[in-house]
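Examination of the molecular architecture
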Amino acid sequence: MSSKPTVLVTRKLPDAVEARLAGGYDARLNPDDTLYTSDGLVAAADGADAILPCHTEKFTADVIARLPASVKAIANFSVGVDHVDLQAAKDKGIIVTNTPDVLSDATAEIALLCLLGAARRAGEGEALVRTGGWKDWSPAFMVGTQVTGKRLGIVGMGRVGQVVAKRARCFDMEIHYHNRSRLDPALEAGAAFHPDLDDMLPRCQFLSLNCPNTPETRGLLNADRIAKLPDGAIVINTARGGVVDDDALIAALKSGKLAAAGLDVFNNEPDIHPAYRTLKNTFLLPHIGSATRETRDAMGFRALDNLDAIFAGREPNDRVA
Ligand code: 8YV
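Residues numbered from 1 in each chain as written. Predicted model: local features only at pLDDT ≥ 70, side-chain atom pairs only at ≥ 80, totals over all residues. Heavy atoms only, no water.

**What to know about the overall build of the protein chain**
- Scanning the protein chain from terminus to terminus reveals 13 helices and 12 strands.
- Over its C-alpha atoms the protein chain spans a radius of gyration of 21 Å, differing by no more than 12% from the 20 Å that the globule rule assigns to 321 residues.
- With respect to the principal axes defined by its C-alpha atoms, the protein chain has extents near 75 × 50 × 35 Å.
- In the protein chain, which comprises 321 residues, the share counted as buried stands at 49%.
- Relative to all contacts within the protein chain whose residues are 6 or more apart in sequence, the contacts with residues 24 or more apart total 60%.
- By element, 52% of the accessible surface of the protein chain is carried by carbon and sulfur atoms, the whole surface being about 15,200 Å².
- The average position of the 36 basic charges and that of the 41 acidic charges among the side chains of the protein chain differ by 3 Å. (Helix = DSSP H or I, 4+ residues; strand = E, 2+ residues; numbered from the N terminus. Rg over C-alpha atoms; globule rule 2.2 N^0.38 Å. Buried < 20%, exposed > 50% of the residue type's maximum accessible area, 1.4 Å probe, protein only. Contact = heavy atoms within 4.5 Å. Areas by Shrake-Rupley, 256 points an atom, 1.4 Å probe, with all protein chains shown as cover. Lys, Arg positive; Asp, Glu negative; His and termini not counted. Charge placed at Lys NZ, Arg CZ, Asp CG, Glu CD.)

**Some words on the environment of G242**
- The residue G242 is located in the loop between β10 (233-237) and α11 (246-255) in this model.
- Sequence-wise, G242 and L221 are 21 residues apart; in three dimensions their C-alpha atoms are separated by 9.4 Å.

**A word on the nonpolar core**
- Core analysis: the biggest nonpolar cluster contains 29 residues, and L207, L209, L249 and L258 have the highest contact counts within it.
- Only α9 (197-200), β9 (206-209), β10, α11, β11 (258-263) and α12 (275-278) provide two or more residues apiece to this core.
- If one sorts the elements of this core by residue count, α11 sits on top with 5 residues.
- Dropping the residues within four chain positions of it, L207 is found in contact with L152, G153, V155, M200, L201, L221, L229, I234, V235 and I236.
- Membership of the second largest hydrophobic core comes to 28 residues, among which are A108, C114, L152 and I234. (Core = buried A, V, L, I, M, F, W, Y, C linked by side-chain atoms within 4.5 Å.)

**A few points about the pairing of β10**
- Most of β10 is tucked away: 5 of the 5 residues are buried.
- Judged from the 4 bridges that link them, β9 and β10 form a sheet pairing that is parallel. Bridging across to β10, S208 finds its partner in I236.
- Read as a crossover between parallel neighbours, the route from β9 over helix α10 (residues 223-228) to β10 is right-handed.
- In terms of handedness, the path from β10 via α11 over to β11 forms a crossover that is right-handed. (Pairing = 2+ DSSP bridges. Right-handed = clockwise from strand over helix to strand, strands pointing away.)

Written as structure tokens, this is what we have:
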């Protein structure tokens, strides 16, 4: 019998991460990357000491209650932990960790891509070229919204939000932010803090959502809040679909209240609200914020650092429950 802790790894991880896993753990891998059902997840966890999941596995209170008592930790391969009922895990004495920091740059890159893609109608333009629909040119052809020098409001000025602000400054954007608490002036770098989100919205020609999906932020961008944005504003979401009320966002994109939206995350991925696909003023990506080779390796190593600490009897760096 192996003395290494047994870890259920729910998805196919980068080779370097799986190689390190094999060194320190008895790893139950998923080479075919088949999605687990809730029942399958519970069954596969039988006898495991820990689980290393992605956001695709939902640890509801029910799933957590059914996990075998052997499971001491859920070491997420993600910074977002809205797929885990943290209170249920805590109540059962399961340690939960995430992978902050290492995906901030990659996610901020995608936020800027969404911002530029939505403003400059990149999805629409790419489809025209790709499908042979590009027939001529005129001064009115594919005219979008200029980004340079505009005001950007960031909801959630954590690690990702701060990198988004830094990159947006390269476009001379004026940065405003709403956050639970004000940042140190050094981190603020001149950004204007708005303790009340509703006060910030009228200033936001662009609005980037970078907050976690929690009971407090769920459905945060609703019809009332969209109405407070300037006409022709552009919304970017690289956080979680849950922070947006889809019907409200879609209505505003249809009416022209909003010029466009750049979205990398959605409610009910991948079965997203079908209207997003039919609207011309959406720039859509399939949740690839952290999808770079460097970042995916770093996320895996960070999850393993947390597991190593837990099994060495130390406090993991990234404990969230
Ligand atoms: C990850 C993410 O790819 O880390 C997060 O919270 O949203 C993504 O960038 C995904 O969650 C992996 O589980």
